[in-house]
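Chain and residue survey
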Amino acid sequence: MSAPDLHLWHPFTQEGADPAPLQIRRGEGVFLETQDGRQILDAISSWWVNLHGHSHPAIAAAIAGQAARLEHVLFAGFSHEPAEELASRLGKIVPAPLRHIFFSDDGSTAVEVALKLAVQYWRNCSQPGKCRIVALENAYHGDTFGAMSVSDDSPFTSAFDSLRLPVLRVHSAYCAHCPVGLTRATCQIECLGKLERLLAERGHEIAAVIVEPLLQGAGGMIVHPEEFLAGIRRLTTAHDVLLIADEVLTGFGRTGRMFACDRAGVFPDFMCVAKGLTGGFLPLAATLTTERVHDAFTGADRARAFFHGHSYTANPIACAAANANLHIFDTEPVFERIAAIEQVHAARLPEFAEHPGVADVRHIGSVAAIELNVPDAGYLSSLRPRLYEFYLNRGVLLRPLGNVVYILPPYVITPGQLNFVYDIIRDSLALLP
Ligand SMILES: Cc1ncc(COP(=O)(O)O)c(C=O)c1O
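Report follows, based on the coordinates. (Residues numbered from 1 in each chain as written. Predicted model: local features only at pLDDT ≥ 70, side-chain atom pairs only at ≥ 80, totals over all residues. Heavy atoms only, no water.)

Of the residues making up helix 6 (residues 193-202), those classed as buried are G193, L195, L198 and L199. Tucked inside the fold, the buried residues of helix 6 contact strand 5 (132-136), strand 6 (168-170), strand 7 (206-211) and helix 7 (226-238). (Buried < 20%, exposed > 50% of the residue type's maximum accessible area, 1.4 Å probe, protein only. Helix = DSSP H or I, 4+ residues; strand = E, 2+ residues; numbered from the N terminus. Contact = heavy atoms within 4.5 Å.)

Have a look at this one:
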């Protein structure tokens, strides 16, 4: 008698309560095709990873070619052409002071690397007391322990509170629910005051501030004013504290520029990238940093080394996918597509803003969010599963963050397809209590 197949335990899924997963057999452009032939429009880029459409032939070909030449080699003591090419390509597009790149596997590990580098940097500089991390309210940086610690308290983290690292928490510029009770039209970004006081009092204990620049993703697609990010950079520089920009979501065009930091003219000390790095094909991540940080790990003393790495660090096939992805930025009108998406967001959101069931609308670059008024606001809002099912039944993949419905499409979505998504969201407002 053969053993039964293993049960597939899916992420972020309520075992025994959520509907059975949909079987997908193909992907092309913005569409996913189910096993029974239904087309589903992927309006969230499959968890924010896809950039240029599913199964883009150029990335698929690069992967196949690389797999046939060199599938993998350990990255300690060895290097390879796909990684060198990727370092060269990224070097041309990241903020200028970032000159060193450390590869890892996904967004969470890129954040772990940044946190560990920041803490060890100060230790290597003979300031071991500078070891605390500051993070924002509503932050989300991943599910591993370090990343989960810098993420704000949420249903994702509550089971592990006893083991999360202590983190200093400051305000996020969540203008729709201003943490200091002001309105954006007249405020002077007073929400920065908490960080300013903290750095003034305890800067000597603080290694780094970590932020999702301009757009906090899983915390509710919260768009920050550029002045907020610029202010964080100004304060961290003034108090000699490192700045980690987690661009895992915002990188590669999502906010309308290659990186969100570019929009605010901010040069971070660390930048974390993942998700879109391979165009959504393979897991690959990187943490980039400056000469100053790298210098502190350099020299004959082995105790200064960064003892961190993953088996698949800089996997050649994933690097080849990333190179093909970045080549598409050079050869296809990617930023024109993003601008066209942003135009549709700007045209369609006002009709939602006027709806009594809508608390706030916001957008930046290719990303838009509609926050709904519900009595049980938050990730576990009872409206969320009903919305999710409603959208899927209409052929659109949208995964609301509780009462926040957001659109984060592959850049190849057409204005017609995007308007279709908006029409379905408009119809879904009938589900509001
Ligand atoms: C800003 C940010 N950082 C880190 C992560 C974690 O990335 P991953 O899921 O690839 O570990 C995410 C994932 O959504 C994210 O949005």
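Alright, that's what it looks like, and here's the rest.
If you look at the biggest cluster of nonpolar residues, it comprises 104 residues, and the most contacted ones within it are M221, F252 and L398. Of the residues forming this core, the biggest block, nine residues, is contributed by helix 10 (residues 316-331). When sequence neighbours within four positions are dropped, the list of residues in contact with M221 reads W48, L215, Q216, L249, R362, V367, A369, L401, Y406 and L408. Counting 28 residues, the second-largest nonpolar core is a separate cluster that includes L115, A147, V248 and A285. (Core = buried A, V, L, I, M, F, W, Y, C linked by side-chain atoms within 4.5 Å.)

The phi dihedral of N138 is positive, around 65 degrees, even though this residue is not glycine. Here N138 is to be found in the loop between strand 5 and helix 5 (145-150). The residue M221 is not glycine, and still its phi comes out positive at about 50 degrees. Tracing the sequence through the fold places M221 in the loop between strand 8 (215-216) and strand 9 (222-223). The class of M221 is buried, set by a relative accessible area of 1%.

It is worth spelling out the layout of surface pockets at this point. Of the voids in this model, the largest pocket is the one considered here, and its volume is about 1,600 Å³. P11, F12, T13, Y388 and R399 are the residues nearest the centre of the largest pocket, which is lined by 40 residues in total. Every element with two or more residues in the lining of the largest pocket is listed here: strand 1 (24-28), helix 1 (45-48), helix 5 and helix 12 (383-393). Per element, the largest residue contribution to the lining of the largest pocket is six residues, and it comes from helix 12. Taken together, the residues that form the lining of the largest pocket break down as 23 nonpolar, nine polar and eight charged. Within this model, the second largest pocket holds a volume of roughly 820 Å³. Forming the walls of the second largest pocket are 37 residues, and the residues nearest its centre are W47, W48, V49, Y140 and K275. Within the lining of the second largest pocket, the residues separate by chemical class into 20 nonpolar, nine polar and eight charged. (1 Å grid on protein atoms, 1.4 Å probe; cavity = no way out; pocket = protein on both sides within 12 Å on 5 of 7 lines; lining within 4 Å. Points joined across faces, edges and corners; volume = space filled by probe spheres on them. Nonpolar A, V, L, I, M, F, W, Y, C, P; charged D, E, K, R; others polar.)

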